[in-house]
Amino acid sequence: MSEATGDQPCVFCRIVDGEIPADVVHSDDDVVAFRDSSPKAEVHVLVVPRAHVTDVTDLVDDPALLAALVRTAGEVAEDFADGDFRLVFNTGAGAGQTVFHAHAHVLAGRGAAAVGL
Ligand code: AMP
Ligand code: ZN
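A brief structural summary. (Residues numbered from 1 in each chain as written. Chains lettered and ligands numbered in written order. Predicted model: local features only at pLDDT ≥ 70, side-chain atom pairs only at ≥ 80, totals over all residues. Heavy atoms only, no water.)

Another point: the coordination of the zinc ion (ligand 2). Coordination sphere of the zinc ion (ligand 2), protein contribution only: Cys 10 (SG), Cys 13 (SG), His 52 (ND1) and His 101 (ND1), at 2.0 to 2.3 Å. Geometry at the zinc ion (ligand 2) is tetrahedral, judged from its 4 donor atoms and the angles of 104 to 117° they form at the metal. The sequence pattern describing where the donors of the zinc ion (ligand 2) fall on their chain is C-x2-C-x38-H-x48-H. Highlighted residues: Cys 13 in helix H1 (residues 11–16) and His 52 in the loop between strand E5 (43–49) and helix H2 (63–80), separated in sequence by 39 residues. Residue Cys 13 is classed as buried on the basis of its relative accessible area of 0%. Judged by its relative accessible area of 12%, His 52 is buried. (Donors = N, O, S within 2.8 Å, 3.2 Å for Na, K, Ca; no water. Tetrahedral: all angles 85-135°; square planar, octahedral: opposite > 155°, others 65-115°. Helix = DSSP H or I, 4+ residues; strand = E, 2+ residues; numbered from the N terminus. Buried < 20%, exposed > 50% of the residue type's maximum accessible area, 1.4 Å probe, protein only.)

Bringing the site of ligand 1 into the picture now. Around ligand 1, the surrounding shell holds 16 residues, and the nearest of these are Asp 36, Asn 90, Gly 96, Thr 98 and His 105. Within the contact set of ligand 1, an oxygen atom lies 2.7 Å away from a backbone nitrogen or oxygen of Thr 98. A distance of 3.0 Å is found between an oxygen atom of ligand 1 and a side-chain nitrogen or oxygen belonging to His 103. Out of a free accessible area of 500 Å², ligand 1 has 81% covered by protein chains. For the shell around ligand 1, the secondary structure elements donating two or more residues are H1 and strand E4 (31–35). Residue contributions to the shell around ligand 1 peak at 3 residues, all from H1. Residues that form the shell around ligand 1 fall into these classes: 6 nonpolar, 8 polar and 2 charged. (Near = heavy atom within 4 Å. Polar contact = N/O pair within 3.5 Å; in protein donor to acceptor, adjacent residues only side chain to side chain. Areas by Shrake-Rupley, 256 points an atom, 1.4 Å probe, with all protein chains shown as cover. Nonpolar A, V, L, I, M, F, W, Y, C, P; charged D, E, K, R; others polar.)

In short, shape yes, function no, at least from these values alone.
Here it is as structure tokens:
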């Protein structure tokens, strides 16, 4: 489902819909995971719900979807690193959120512990 953010189409909706390319590492009925285009660690993957919601606080109303997102983050860390990972949700512009489609940053492997987002 695509949704506009102001006059701009939502970039993550466009990735979910396959309208713009991304390095997708996982896709299912609930979530899509793809590599961040500006990686800050050896493994830097974004996990997004297929449905457009603004930020992680919107997922409080859908705990199964939030669980799917966290489960996928763990699987990504197992598949591409040693299983250890950080999970970061920038929430609100003041906290550094730049894309207003909820997403979890999965940071793993070399550099993950030190990165600031
Ligand atoms: P945030 O600042 O928490 O909203 O994170 C947004 C992230 O999305 C940043 O780390 C960007 O590098 C990443 N990003 C933006 N556009 C794309 C894209 N088309 N494909 C992959 N990652 C993207
Ligand atoms: Zn969206």
